[in-house]
Amino acid sequence: MRLRVTPVALARLRLAAQLILPTSTSPRPGPVDVVRSLTALQGQDFPGALWSIGLRSPGSTRADVEAAFNRGELVRSSPMRGTLHVTASEDLGWILSITAERMISSLATRHRQLEITTSDLEQVRGLALALLEQSGGRVTREALMAVFEQAGQQTRDQRGYHFLFLLCLEGTLVQGPINTGKGNGQYYVSSKEWIKNPRVLERDQALAELALRYFRSHGPATIKDFQWWSKLTLNDIKTGLTQISNQLETFECNGTEYYLAPETAELLGASDKGAIPGARSVLLLPGFDEYLLGYTDRTAALAPEHAPLTVPGNNGMFKATVVAGGRVAGTWRKAQDAVEKQRQLSGVVLPELFTELSPNQDKALGRAAKKYAKFLGK
């Protein structure tokens, strides 16, 4: 299929592919289905990641999503870009098998500065596993740091963070069940003990699997988008795409080739009738949601003049966004004081819009706020 598509249509196709606004014929996904579909979703802001999952799983509450972590179906680690992501537990190992080595190599200079040696890592690995055995299989970050310090391994200046990061990259530790005593935290657990049925793929199979699942769940997307998201080499991407290109469709937008799932491409057949979902939608997305973070070129959804308002100072910290018709129309947050609470929608959402919404969009924004409040159990 060779098609030409506008940026507005491209953005709305992503709403469908990412299960934010699935088509009427799409099955209703549960929290684990959502994560399996996206393969990996950015998760350094854990409450935001829970909402990223919940908004794609109609009717699910925060408690439902947390239960999937407690059952061992979802985990959090750093399989890509050195950043925390949520994955289905069975997928983490094969993703790390093609991404971890490059991440570790990229940090070699930093680890020399921190004086982290192979023997240091061996020591903290043994300490972590011994503590897990003594603590019933789950430990807090603070407990791990304390035992490292007691053994003479300094944790200041991010040294402790890098120990945990390396232990997760090598597949020793993973963040699993919710630590209810810490609010938003998770316990560290042994990957081997916690992940019951890990998938094992040969390298070429894993490269193909990651490429296929990225373009199916994030497409329309470009090779540059996928390279930024995965940090794979172009040779690895070529190896993966060669195996699965016949399972994807392509089109052009402003002279650039995009890959996407065939069922997403089918929505273009009715685009002249406005049938691509999302034209009248107003959504509340958390900061760091894949709708923006899943691409290196975000201009289809985020106007250049609004980028500084969404990512102030271009510092990598994304605000939660109001998305109208597939485009970022503002940001939102929770109220900080009594005066702001009077302006909240559904008692939880305080929008800060870039442009005025239509009356129908205002109503849709109110419905989105109610959906978020319901997710929180309010």
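Residues numbered from 1 in each chain as written. Predicted model: local features only at pLDDT ≥ 70, side-chain atom pairs only at ≥ 80, totals over all residues. Heavy atoms only, no water.

**Here's the deal with the overall build of the chain**
Here is the rule: Every helix listed is a DSSP run of H or I at least four residues long, and every strand listed is a run of E at least two residues long, numbered separately from the N terminus. Three labels apply to residues, based on accessible area from a 1.4 Å probe with only protein chains included: buried if under 20% of the type maximum, exposed if over 50%, partly exposed otherwise in between. Contacts are assigned to residue pairs with any non-hydrogen atoms lying within 4.5 Å of each other. Every accessible area reported is derived by Shrake-Rupley at a probe size of 1.4 Å, with residue values counting cover from the shown protein chains alone. Here the positive residues are Lys and Arg and the negative ones are Asp and Glu; neither His nor the chain ends is included. By convention, charge coordinates are those of NZ in Lys, CZ in Arg, CG in Asp, or CD in Glu.
Looking only at helices and strands, the chain has 18 helices and eleven strands in total. When its C-alpha atoms are laid out on the principal axes, the chain stretches across 65 × 55 × 40 Å. Across the 378 residues in the chain, those meeting the buried criterion constitute 54%. Of all intrachain contacts in the chain linking residues separated by at least 6 positions in sequence, the fraction that spans at least 24 positions is 64%. As displayed, the chain has an accessible area near 17400 Å², and 49% of this comes from carbon and sulfur atoms. Distance between charge centroids for the chain: 5 Å, based on 44 positive and 37 negative side chains.

**Structural notes on the layout of surface pockets**
To keep it simple, the criterion reads: Put plainly, a pocket is an open set of points on a 1 Å grid over the protein atoms alone with protein on both sides within 12 Å along at least five of seven lines, a cavity is a set where a 1.4 Å probe fits but cannot get out, and a lining residue has an atom within 4 Å of a point. Grid points are joined across faces, edges and corners, and a volume is the space filled by probe spheres set on the points. Note on residue categories: nonpolar means Ala, Val, Leu, Ile, Met, Phe, Trp, Tyr, Cys or Pro, charged means Asp, Glu, Lys or Arg, and polar means any other residue, Gly included.
By volume, the largest pocket is sized at about 430 Å³. Lining the largest pocket are 20 residues, with Ala17, Leu19, Ser37, Arg216 and Glu263 positioned closest to its centre. Counting residues per element, the ones that place at least two in the lining of the largest pocket are α1 (7-17), α2 (31-38), α11 (203-218) and α14 (262-266). Considered class by class, the residues forming the lining of the largest pocket number nine nonpolar, five polar and six charged.

**Things to note about the environment of Lys196**
For clarity, the threshold we go by: For this analysis, a polar contact is any N or O atom pair within 3.5 Å, provided that within protein one partner can donate a hydrogen and the other can accept it, and provided that sequence-adjacent residues contribute only side-chain to side-chain pairs.
Along the chain, the position of Lys196 falls in the loop between α10 (191-194) and α11. Along the backbone, Lys196 and Gly72 are 124 residues apart, and their C-alpha atoms lie at a distance of 8.1 Å. One polar contact links the side chain of Lys196 to the main-chain carbonyl oxygen of Glu193, over a distance of 2.8 Å.

**Details of helix α3 (residues 46-55)**
Counting buried residues along α3, nine of its ten residues qualify, which places the element largely inside the surrounding structure. Every buried residue belonging to α3 is among Phe46, Gly48, Ala49, Leu50, Trp51, Ser52, Ile53, Gly54 and Leu55, and all of these are buried.

**Points about helix α18 (residues 359-376)**
Side chains three or four residues apart in an α-helix point the same way, a direct result of the helix having 3.6 residues per turn. What counts is decided by this rule: A helix is expected to reach a length of 1.5 Å times the quantity of its residues less one.
Taking 1.5 Å per residue, 18 residues should reach 26 Å; α18 reaches 26 Å between its end C-alpha atoms and fits that length. Buried within α18 are the following residues: Ala364, Leu365, Gly366, Ala368, Ala369, Tyr372, Ala373 and Phe375. Positive backbone phi, at 85°, marks Gly377, one or two positions downstream of α18.

**A closer look at empty space enclosed by the protein**
For the coordinates displayed, the defined rule picks out one cavity of 30 Å³ or more. Forming the boundary of the largest cavity are Leu285, Pro286, Gly287, Phe288, Asp289, Tyr291, Leu292, Leu293, Phe318, Lys319 and Thr321. Ranked by residues supplied to the lining of the largest cavity, first place goes to helix α15 (residues 290-293) with three residues.

**Here we look at the packing of helix α12 (residues 223-230) against helix α13 (residues 234-244)**
This is how it is decided: To define axes, lines are fitted to C-alpha atoms, for helices over the stretch in contact only, and angles between the resulting N-to-C directions are given on a 0 to 180 degree scale. Left-handed is the label given to a crossing in which the near helix is rotated counterclockwise from the far helix by less than a right angle, and right-handed is the label when the rotation is clockwise.
The N-to-C vectors of α12 and α13 enclose an angle of 115°; their axes lie 11 Å apart at closest approach. Note that α12 runs across α13; the crossing there is right-handed. Between α12 and α13, the contacting residues are Ile223, Phe226 and Gln227 on the first element and Leu234, Ile237 and Leu241 on the second. For the contact of α12 with α13, the residue count by class is five nonpolar, one polar and no charged.

**Quick notes on the pairing of strand β7 (residues 256-260)**
Going by this rule: Should DSSP find at least two bridges between two strands, the strands are taken to pair.
Two strands pair when backbone bridges link them, and strand β6 (residues 249-253) and β7 are joined in this way by five bridges, in the antiparallel orientation. Directly across from Glu252, in β7, lies its bridge partner Glu257.

**So, the pairing of strand β8 (residues 282-285)**
The two faces of the sheet receive side chains in turn, since in a regular strand these alternate between them. Because side chains alternate across β8, one face comprises the buried residues Val282 and Leu284, and the other comprises Leu283 and Leu285, equally buried. Examined bridge by bridge, β8 and strand β9 (residues 321-324) share four bridges and lie antiparallel to one another. If you follow Leu284 over to β9, its bridge partner there is Val322.

**Concerning the side chain of Asp91**
Topologically, Asp91 is positioned in helix α5 (residues 89-106). In terms of polar contacts, Asp91 uses its side chain to reach the side chain of Trp94, at 2.9 Å. The residues contacting Asp91, other than those within four sequence positions of it, are Arg199 and Arg213.

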